[in-house]
Amino acid sequence: MKTTLKITTISLLLMLGLISNMSAQKRKANKDTREWRYEIEAMGTGVQGTYLVKVWSYSKKPQVAIEQAKKNAVHGIIFRGFAGKPGIPGQRALTNNVNLEEEKAEFFDPFFDDGGKYMKFVSITNDGSIAAGDRLKVGKEYKIGVIVSVNVTALRQDLEAAGVIKGLTNGF
Amino acid sequence: MKKILFVFFAATIGMLLNAQDVGKTLSTKYLRPSLTSLFFQPETAQENTILTKFKELPVISKFDDNRIEFPYFNGSGLPEAAKMAKIQQYVQQAANPILAKWWNRDTNGDFNTEFVAKRGGFSAIDADVIQAKASSTNRIEMIGADLIDKSYVFVYDITGLLTMEQVYDKADASAKKYNSNYIPVKRVDEGYEVTYTVYAYRLVFNDSVSSVFYNNYWTDAQSHDAKKVAAWGTATFPMLYKTRLSATVRSAQPKDPKSSAYLNKKKKTMTELLQDVAVLVQTNSVDELGIRLEDFKPKVSVFKTKPLSAKLGTKESLYLDQRFFIYEIEQDLSGNQKKVRKGVARVKEIADNNTMASGASKPSVFQQQGGKKLYEGMLMESNEDRGVGLSIGFPFSTGNKQFGGLNIALDYRISRVAKVTGLALGIDAYVNFLNDVNVGNVSTSNGSLPYAGNVMDGTSYALAVYVAKEMYFTRKGNIYLRPSIGGGLSGYVFSKINDVEIPKVIDDSGKEVQDKNYSWSSVYFPMNIGFGINFSPSICLEIKPGIAFRFASTTGNNEALIQSGIPDDKWGFETLDKVSMNSSTVCNLRFRF
């Protein structure tokens, strides 16, 4: 009886430890996103209304970095933009206001929450695998590159409708 | 001296255990190579038969076919340095028709991208297809342009062609040189043995070369340029010498039409055997150069880990038990990348992917055979070995010292031919030494042999051919099971009785030979199960308990042995005239090459 109790307690503590570790990595990943600690590069001209980009995310757990890629992609397109490559044009950020995320926290916090609305505008464009050159160990972390397609047209409309950014025709 | 040796071996083992590669940004994309085969001028009708057949052979499936109509190379009588310079000039001239084939040059001298796009499409992987669907520009055709830089040219030179009779004559002449009492080789086979050298070159079509091509020679139906068409006639492009290989192949069959080799297949004519040489040269050269040339080694990312799988298959000429190394790529703060090996795996099931990628292609399945936990996205690179295993060790427990002493085994993986993973054919040998051993009272039907009450010196041996299968039951594959079964001969060869050398006897031909009464042999069938631990792709430790059935002991004169005395134990003399079973446990260090 006592042995069973000991084993159960230890197992529960281990499980809690694991869950807590994963949660900590997720929180770190979200903090990285807010601090713009990711990279975004052009991969091609997406089909009408979309951008095709590769997002590099960092985490001690590669799976966390893969899941964070979608969030980072949308975040990057709204706040950062990306440079072009030969034959592939770059894109400016949807907003010039670098403080917009804090100013409109009441919109962006739920927007970028896990499972939040950002997921509506982004999809991963691979066959479920990570390309060999897109999984890198950098120090104690992993840097993972994921190619995603972001529906910029729909994203822009949503942000304009929420009054977060001005429309392209505003000011005329 | 011992310290130096120790450091040397430790460093060698360290290198074997943890292979790394340092570089800037590593190339992780596999681009499908293409192949053009060219030939030296044949000097005999037989060589001509081989080359005529070779030119008809389809290119091995892992290559795109870049066959061109091109004259033979005439390099006869040239010294080595001059020959290499002339071959360089010769292949340089071949670059022109090869590029013309890539860019689908028509009779007007115009190029188009049809062929390049088609090859790009065939070479594209699922990720490329899915990305192309999400993109407004089809970049798959651009993969085709990248493939041009992987165009290889092999120039074959047949340097020796002997019939099997000539091979036997040569062997006998060599044996006679060292021993006037040599035994002539048995002339059982007919056919040919051919020695060849192949020179490998790669067409360089990097950015600077391609821009010269586009600027100076590109003309198409929409913008035809007669000057550029004329200029094409003298266009040359760089060809990079990569390596050369010299090897020998043999195409032979038993002479005897009643041989068991003809139970399931027809006896070939000498012309057919000669034509088979072409197939052997093609396969052998590609296999050997596939180990040396980086561009021929398929690479891909780990697709899934349960089971371990990756998107390669028949298109890349995957074969059962083909070895792959799996790496994790590490990047430092300066952006320099290096790959650190994390595991090794072999092909277990091959997917048929010999079509255009669809985005949902089936992957091939691999079995990890050592290393650490693997993850999706790690880099898998082909690292073929020769399929040879060498085991050295000793039995640490045995009921019969005839199966004691030193154990050496050599095996060859036959899984590719037999279509069964982990299957190998091998030879297993034991050697031990007898000193002052009482063999008992041994006789034959003709009377007692002069051993009773005497002590003998000599050697014991056991030699068997066996079949083994390596089996894995854990995900990381650090341990394996290797059951085997075989058959062979074991025996004793005595050199001294009571410390006195056994005199030789004169045989019927007047030669001095060993007295066959002092040479005993038996038939034995060993069965073992090896428990192995993989320390590295090349080194493993195997503990092999097993049993061996021995019977039919005879002298060298084929007289059955009868034991009626009490010999020293643990040498197997007490069961000479019985069917005996011996158990032993052998500890081996096994090396894979």
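Please read all numbers here as calculations on a predicted model, not as lab measurements.

Rules and cut-offs
Residues numbered from 1 in each chain as written. Chains lettered and ligands numbered in written order. Predicted model: local features only at pLDDT ≥ 70, side-chain atom pairs only at ≥ 80, totals over all residues. pLDDT = per-residue confidence, 0-100. Contact = placed C-beta atoms within 7 Å. Pairing = 2+ DSSP bridges. Helix = DSSP H or I, 4+ residues; strand = E, 2+ residues; numbered from the N terminus. Axes fitted to C-alpha atoms, helices over the stretch in contact; angles between N-to-C directions.

Turning our attention to the confidence of the model for chain B. Residues and elements named next belong to chain B. Taken as a whole, chain B shows an average pLDDT of 90; of its residues, 95% reach a score of 70 or greater. Low pLDDT, under 50, characterises residues 4–12; the predicted model gives this stretch 0 contacts beyond four residues in sequence or across chains. This model gives residues 14–23 a pLDDT under 50, and the stretch forms 16 contacts once residues within four places in sequence are excluded. In the predicted assembly, ipTM is 0.83 and pTM is 0.86.

Here we come to the pairing of strand S11 (residues 337–349) of chain B. All names here are of chain B. In terms of strand pairing, strand S10 (residues 323–331) meets S11 through 9 bridges, oriented antiparallel. Bridge pairing in S11 links Ile-329 to Lys-339. Taking the residues between adjacent antiparallel strands as the criterion, S10 and S11 are bridged by 5 residues, where Gly-335 takes a positive phi near 90°. For S11 and strand S12 (residues 364–371), the ladder comprises 5 bridges, and the chain directions are antiparallel. What sits directly across from Val-347, in S12, is Phe-366.

Residues and elements named next belong to chain B. Taken in spatial order, the 5 strands make up an open sheet running S3-S2-S4-S5-S6, and their pairing is mixed. The strands lining the two open edges of the sheet, one partner per strand, are strand S3 (64–65) and strand S6 (239–254). For strand S2 (residues 34–39) and S3, the ladder comprises 2 bridges, and the chain directions are parallel. Counted as the bridge partner of Leu-35 is Asp-65 from S3. The strands that helix H2 (residues 45–56) touches are S2 and strand S4 (151–163); relative to S4, the one it contacts most, it runs at about 150°. In the packing of helix H7 (residues 164–178) onto the sheet, contacts are made with S4, strand S5 (189–203) and S6, and the angle to S5 comes to roughly 95°.

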